[in-house]
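Spelled out, the chains give:
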Amino acid sequence: MKKPFIGLVEACELIERKQLTIQTYLSQCVGRADDLESTLKAFTVRSPLLKMLHESGAGPLKGIPVAIKDILATKDFVTTNGSPIYGNYIPMEDAPIVQKIRALGGVVFGKTVTTEFAWKHPGATTNPWNRGHTPGGSSSGSAAAVASGIVPLAIGSQTVGSIVRPASFCGVVGFKASFGAVPRAGAHPVSGSLDHIGFFTRSVKDIVYAFNLLKNISPSEEDAIVIEDVSLKPLEKYTDNRRLRIALLKTPFDDLLSQEQSDVLQSVASNLKSEGASVEDYTLPDGYWDGIQALHILMACEAAVIHEHHFEKYPELMSTHMKELAQKGNNHTASEYIKAKKLQQRLRQSIGEIFERFDVILSAPATGEAPKGLDFTGNPIFCALWSFIGTPAIALPVTKSAKGLPLGIQLIGNYRDDEKLLNIAAFVEASIEKRSN
């Protein structure tokens, strides 16, 4: 799919070379938001132009407007967490990733709409390609803001499928790194065992740039890991001059795929074969798909604890979706929770055996195009296992459906091997673009 707006790296380079002024660029972004927001509804609050111009600093993100999902704390913006409980809440300090953005010269363009506490209850955001369809969730506004050309970078989060799925529905690139690789402090949790912070951009190159700047540089948080800087290199470095080995994943849920989504997967696989890759249909070993049930146990149990005080103080302000999730968590036993944690650890260790045979897994990011209506943000089942295991995953746009809505693919890499995944993603992106031109 063609990218009509300048991306993150291009904007940074133009500003650095003084071929684009910060004022001009930010004015263009504000103007676009002004034109679209009445129907797009991607933001809960936006920063005035003069404030952004004043706050723009020196650094690799100098003058770059970044949209921040509204579960991340911002000291000068209301942080609602998608809930009326926090309708007037302004945190005392920024989340660490927001601090990094500001320290690198970037500016907070605004806070983006999220589903309630990044769970199911949808916000007001519409799909940029068709206002009658969902943009996905829970990172609804972040995906829509990038897809609409308002900002070149937006921060989102994923607990089940909240980056990959909306990226696919909105036709942008969405990346969740290996679990713990990006700072999570300052984000309202859904489930500490599953939450990932990630990025929306318009290209893999932009994802690499953002990830290198904003990832953890020290294991200062619980469960934090440090991934070395990613560089894009010739793919031969990762394949030892042999053919790229791709696993085309077959799942127990493939009957949920639309024909168009299935066709996209087959088309991309066929094109990659013609580029010299080896593509093999692949089914995961027995027991892996038990991870999806285990994910829901972990999430429900942890959400019940996280939201205990909300239900005590503000039960009338909690949605049915949250009540059902917490109730499920309270009904699970300690034994069930411990077994789910042990399965997560076991699969995270064993997944490496699959990546000894394959370089990357190719899968659907969602069941198909964005569903019609705004009450349902789409089924995250094709993302769930990778959120449970914590492997890096990236959504790439490919084409559009007969209704003009984006369709894409998902690529999954080995835990902690984010660099290899992103290099393969760049290769696949180039192959997709070559075929579409």
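We now turn to the structure provided with this report. (Residues numbered from 1 in each chain as written. Predicted model: local features only at pLDDT ≥ 70, side-chain atom pairs only at ≥ 80, totals over all residues. Heavy atoms only, no water.)

It is worth spelling out the nonpolar core at this point. Core analysis: the biggest nonpolar cluster contains 140 residues, and Ile 155, Phe 199, Phe 211, Phe 388, Ile 394, Ile 409 and Leu 411 have the highest contact counts within it. With 9 residues, the single largest contributor to this core is helix α10 (residues 290-306). Not counting chain neighbours up to four residues away, the residues in contact with Ile 155 comprise Val 66, Ala 67, Ile 68, Lys 69, Leu 72, Ile 97, Ile 101, Ser 142, Ile 197, Gly 198, Phe 199 and Leu 214. (Core = buried A, V, L, I, M, F, W, Y, C linked by side-chain atoms within 4.5 Å. Buried < 20%, exposed > 50% of the residue type's maximum accessible area, 1.4 Å probe, protein only. Helix = DSSP H or I, 4+ residues; strand = E, 2+ residues; numbered from the N terminus. Contact = heavy atoms within 4.5 Å.)

We now examine the pattern of salt bridges. According to the stated counting rule, one finds 17 salt bridges in the structure shown. For the salt bridge of Asp 359 with Arg 245, the shortest nitrogen-to-oxygen distance reads 3.5 Å. Separated by 114 residues along the polypeptide, Asp 359 in the loop between α13 (334-357) and β9 (360-363) and Arg 245 in strand β7 (residues 245-250) bring together distant segments of the chain. On the accessibility criterion, Asp 359 (3% relative accessible area) is buried. Taking the shortest distance from any N to any O, the salt bridge between Lys 434 and Glu 275 comes out at 2.8 Å. Here Lys 434, found in helix α15 (residues 418-436), pairs with Glu 275, found in the loop between α9 (259-274) and β8 (278-283); they are 159 residues apart in sequence, far enough to count as distant. Taking the relative accessible area as the measure of exposure, Glu 275 reaches 26% and is therefore partly exposed. (Salt bridge = Lys/Arg side-chain N within 4 Å of Asp/Glu carboxyl O.)

The next subject is the environment of Ile 306. The topology assignment puts Ile 306 in helix α10. A relative accessible area of 19% places Ile 306 in the buried class. Separated by 120 residues in the primary sequence, Ile 306 and Ala 426 place their C-alpha atoms 38 Å from one another.

This next bit is on α9. The terminal C-alpha atoms of α9 lie 22 Å apart, and with 16 residues this matches the ideal 22 Å at 1.5 Å per residue to within 8%. For α9, the complete set of buried residues consists of Gln 261, Val 264, Leu 265, Val 268, Ala 269, Asn 271 and Leu 272. For α9, the angular spread of the buried residues around the axis is 165°, confining them to a single face. Looking at the buried side of α9, the elements it contacts are β7, β8, β9, β10 (393-400), β11 (406-412) and α15. Among the residues trailing α9, Gly 276 stands out with phi positive, at a value near 105°. (Expected span 1.5 Å × (residues − 1). Arc of directions from axis to C-beta.)

Moving on to the sheet that holds strand β3 (residues 107-112). By way of backbone hydrogen bonds, the strands of a sheet pair with one another, either parallel or antiparallel. Across the sheet, which stays open at both edges, the 11 strands sit in the order β1-β3-β2-β4-β6-β5-β10-β11-β9-β7-β8 with mixed pairing between neighbours. Two strands close off the open sheet at either side, each with one partner strand: β1 (43-46) and β8. Averaged over all pairs of adjacent strands, the angle between strand axes in this sheet comes to 30°, irrespective of strand direction. Sheet topology note: the strand β5 (residues 173-176)/β10 ladder contains 3 bridges and is antiparallel. Looking across to β10, one finds that Phe 175 is bridged to Ile 394. Contacting β7, β8, β9, β10 and β11, α9 runs over the sheet at an angle of about 55° to β11. (Pairing = 2+ DSSP bridges. Axes fitted to C-alpha atoms, helices over the stretch in contact; angles between N-to-C directions.)

Enumeration over the complete set of coordinates arrives at 7 aromatic pairs. Between Tyr 86 and Tyr 89, the aromatic rings sit 5.5 Å apart at their centres with planes inclined by 70°, giving edge-to-face as the arrangement. Among the aromatic side chains, those forming a connected cluster through ring pairs are Tyr 86, Tyr 89 and Phe 117. The ring of Tyr 238 carries the charged tip of Lys 237 above its face, separated from the ring centre by 5.8 Å. Directly above the ring of Tyr 415 sits Arg 348, whose terminal nitrogen or CZ lies 5.2 Å from the centroid. (Phe/Tyr/Trp six-rings, centres within 6.5 Å; stacked < 30°, edge-to-face > 60°. Lys NZ or Arg CZ within 6 Å of the ring centre and 35° of its normal.)

Honestly, it's all geometry; don't read function into it.
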